[in-house]
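What follows is each chain in one-letter form.
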Amino acid sequence: MANAFGKIILAGEHAVVYGYPAIAQTINKEVSVRASQSFGKKATFHFLQPALSSGGEIFDQVLARLTVLLGDRVQKLSFDIESNVPGGCGLGSSAALSVALIRSVLDFYEETRTSGEVAAMAMDLEKIFHGNPSGVDHTTIAHEGLIWFQKGKLEPVLSAKPLKFEILMGSPHRGTLKAVQSVRDFYEAEPMRVRSIFEEIEALTYAMRKAIKIGDLKQVGLLMNQNHALLKSLGVSTPELDALCEQARQKGALGAKLTGAGGGGCVIALV
Ligand code: MEV
C-alpha cells in the first residue's frame, strides 16, 4: 500500500505560479493506493469513495501518462484508491493522488526513486488535473514536512515551535484551473496592480519564514491574516471564506487565511 499526504499552503499561493515563493506543509490526511496484478486486458482504477471517480475520462489520460513515465507494465495493474483528503478544497487531493499512484507502481515492482524523481513524475500527472501548476502542491507532498518552494526548488523550513492548524471546511471550490485563470485575467488587465499584490505577498512570505524559524507564532498569525487580505484583493476569496477566517480569529486563532486556490474550499487557522 502506498500513500501520500494532503497539504496546506501557509503563504504565497497564486503568487507562486509567477515565480514568487510559498510556504507549504503536509497534513495528516492521506490518499492510499494499492496496485495489484490486473486480470483484465487494461489497467483499472477502483475508487473506494465514489466522489473521487468523477471525470472518468481523466483517468484514461492519467493511465496514458503513467505508462509513459513508468512503462507498459503499468497497463497490467489494477489500482484500489482510498482517500480522506477532501477533494476540491485546496488540500492537495489531486497532487496526493498523483504521488500515491506513482508510489504504488514503484511499491508493486519493489523499486525506489528519490523524492525529487517522484515529484518530477507527479508534475506530469498534476498537469492533467490542473493545466500548468507551479509545482508547490506535489513537491511538498512528495518531500513531506514544512517546505519553502520557489521556481521548482525546495528547502525545508525549520520551525522553532510546533505549528498547529485547524482546518475549517467551506463549500467546494470551482477548481484550481479556474481560480488560477481568474488571477491571470486580472494580471493581464492590471499588471502593475497585481504585481504589487504579489510583491506584498512575497515580502510577507519571507517574514513568515523568519517568524517560523524563531518561533514567533503571533507574528505568523498576523502574516496569515495579511495574506488572506491580499488573496481577497486578488479576487480569490469568497464571503464564506472571509466569514470562516473571522470566526476563527474571534475564537482565539492567532491568524487565519484561505489555503490553496480559493474561490471556495477551506480556511486554515493557526491555533
Ligand atoms: C494551489 O494549491 C496553489 C496555487 O498557487 C496553484 C499552483 O501553485 O499551481 C493556487
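Relevant structure appears above.
Focus: unusual backbone geometry
Part 1: Despite not being glycine, His 14 has its phi angle at roughly 70°, a positive value.
Part 2: Topologically, His 14 is positioned in the loop between strand E1 (2-11) and strand E2 (22-37).
Part 3: Residue Glu 110 is not a glycine yet carries a positive backbone phi of 50°.
Part 4: Position of Glu 110 among the secondary structure elements: in the loop between helix H2 (93-108) and helix H3 (115-130).

Considering the layout of surface pockets
Part 1: The calculated volume of the largest pocket comes to roughly 900 Å³.
Part 2: Contributing to the lining of the largest pocket are 44 residues, with Gly 88, Ser 93, Ser 94, His 130 and Thr 176 lying nearest its centre.
Part 3: Within the residue set of the lining of the largest pocket, elements represented by two or more residues are E1, helix H1 (56-70), H2, H3, helix H4 (136-143) and helix H5 (176-189).
Part 4: Residue composition of the lining of the largest pocket, by class: 18 nonpolar, 20 polar and six charged.
Part 5: Reported here for the second largest pocket is a volume of approximately 170 Å³.
Part 6: Around the second largest pocket sit Ile 8, Gln 25, Thr 26, Ile 27, Asn 28, Lys 29, Leu 163, Lys 164, Phe 165 and Ile 167, which together line it.
Part 7: Mapped onto the lining of the second largest pocket, the elements with two or more residues apiece are E2 and strand E7 (165-169).
Part 8: Of the residues that constitute the lining of the second largest pocket, the class distribution is five nonpolar, three polar and two charged.

Let's talk about the site of the ligand
Part 1: Taken together, 13 residues lie near the ligand, and Lys 7, His 14, Pro 133, Ser 134 and Asp 137 sit nearest.
Part 2: Contact distances for the ligand include 2.5 Å between an oxygen atom and a side-chain N or O atom of Ser 134.
Part 3: Asp 137 has a polar side-chain atom sitting 2.9 Å from an oxygen atom of the ligand.
Part 4: For the ligand, the accessible surface in isolation is 300 Å², of which the surrounding protein chains cover 95%.
Part 5: The pocket occupied by the ligand, as judged from atoms lying within 2 Å of grid points, is the largest pocket.
Part 6: Only E1 and H4 provide two or more residues apiece to the shell around the ligand.
Part 7: A class-by-class count of the residues in the shell around the ligand yields seven nonpolar, three polar and three charged.

Some words on the sheet that holds strand E9 (residues 266-270)
Backbone-to-backbone hydrogen bonds join strands into a sheet, with any given pair of strands oriented parallel or antiparallel.
Part 1: Sheet architecture is open: three strands sit in the order E7-E9-E8, paired in antiparallel fashion. On the outer flanks of this sheet lie E7 and strand E8 (255-258), each paired with one strand and no other. Averaged over all pairs of adjacent strands, the angle between their axes in this sheet comes to 20°, without regard to strand direction.
Part 2: Sheet topology places E7 next to E9; five bridges connect them, and they run antiparallel. For Met 169, the partnering residue across the bridge sits in E9 and is Cys 266.
Part 3: Relative to the sheet, helix H7 (residues 217-233) contacts E7, E8 and E9, its axis offset from that of E8 by approximately 30°.
Part 4: Lying over the sheet, helix H8 (residues 239-250) contacts E7, E8 and E9, oriented at roughly 165° with respect to E8.

What counts and how
- Residues numbered from 1 in each chain as written.
- Predicted model: local features only at pLDDT ≥ 70, side-chain atom pairs only at ≥ 80, totals over all residues.
- Heavy atoms only, no water.
- Helix = DSSP H or I, 4+ residues; strand = E, 2+ residues; numbered from the N terminus.
- 1 Å grid on protein atoms, 1.4 Å probe; cavity = no way out; pocket = protein on both sides within 12 Å on 5 of 7 lines; lining within 4 Å.
- Points joined across faces, edges and corners; volume = space filled by probe spheres on them.
- Nonpolar A, V, L, I, M, F, W, Y, C, P; charged D, E, K, R; others polar.
- Near = heavy atom within 4 Å.
- Polar contact = N/O pair within 3.5 Å; in protein donor to acceptor, adjacent residues only side chain to side chain.
- Areas by Shrake-Rupley, 256 points an atom, 1.4 Å probe, with all protein chains shown as cover.
- Sits in = over half its atoms within 2 Å of the grid points.
- Pairing = 2+ DSSP bridges.
- Axes fitted to C-alpha atoms, helices over the stretch in contact; angles between N-to-C directions.
- Contact = heavy atoms within 4.5 Å.

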